[in-house]
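# Structural overview for review
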Amino acid sequence: QVQLVESGGGLVQAGGSLRLSCAASGRTFSSYGMGWFRQAPGKEREFVAAISWSGGNTYYKDSVKGRFTISRDNDKNTVYLQMNSLKPEDTAVYYCAAKANYGSAWYSAVNYNYWGQGTQVTVSS
């Protein structure tokens with residue numbers, strides 16, 4: 001069992017930055033691939049970024065490449081999402097998630113086993 005708690009959301013102007021954190025409970029954090037997803041009002045949850053177990057591989061939604069960076073610290077059981085050059089269309093609730101299955105697709109929410117409660121990110125124009 002893994003419990004995930006996100007933090008770091010807030011209100012920021014377009015062009016600004018935020019860093020989201022996701023703290024995981026348990027001693028097996030390094031056994032999970034980690035992902036960030038987001039859901040805007042009236043829209044489906046969508047993949048944002050993911051990172052492999054060791055942190056050696058990262059994956060991004062095309063629209064955030066070059067602006068967002070995912071990283072993890074397995075000693076602190078924490079995954080981060082650094083978001084720069086934020087745009088109003090980045091406004092959403094952001095969720096972190098943990099994936100145990102090595103072979104399943106990173107971008108599909110159904111492949112993730114555990115989810116946090118979400119943190120709101122609002123980007124004003």
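Let me sum up the structure you'll find in this document.

What counts as what
- Residues numbered from 1 in each chain as written.
- Predicted model: local features only at pLDDT ≥ 70, side-chain atom pairs only at ≥ 80, totals over all residues.
- Heavy atoms only, no water.
- Helix = DSSP H or I, 4+ residues; strand = E, 2+ residues; numbered from the N terminus.
- Rg over C-alpha atoms; globule rule 2.2 N^0.38 Å.
- Contact = heavy atoms within 4.5 Å.
- Areas by Shrake-Rupley, 256 points an atom, 1.4 Å probe, with all protein chains shown as cover.
- Disulfide = S-S within 2.5 Å.
- Buried < 20%, exposed > 50% of the residue type's maximum accessible area, 1.4 Å probe, protein only.

Across its full length, the protein chain holds 0 helices and 11 strands. Tracing the protein chain from N to C terminus, the helices and strands come up as β-β-β-β-β-β-β-β-β-β-β. A compact globule built from 125 residues would reach a C-alpha radius of gyration of about 14 Å, and the protein chain, at 13 Å, matches this within 12%. Taken over the C-alpha atoms alone, the protein chain extends approximately 40 × 25 × 25 Å along its principal axes. Considering only contacts within the protein chain whose residues lie at least 6 apart along the sequence, 57% involve residues at least 24 apart. Surface exposure of the protein chain reaches about 6400 Å², of which carbon and sulfur atoms provide 45%.

Below, the discussion takes up the state of the cysteines. This model, assessed by the stated rule, comprises 1 disulfide. Bridging Cys22 to Cys96, the disulfide has an S-S length of 1.9 Å. Disulfide Cys22-Cys96: torsion about the S-S bond near 45°, hence right-handed. Of the two residues, Cys22 is situated in strand S3 (residues 18-24) and Cys96 in strand S9 (residues 92-99); the sequence distance between them amounts to 74 residues. By relative accessible area, which is 0% here, Cys22 ends up buried.

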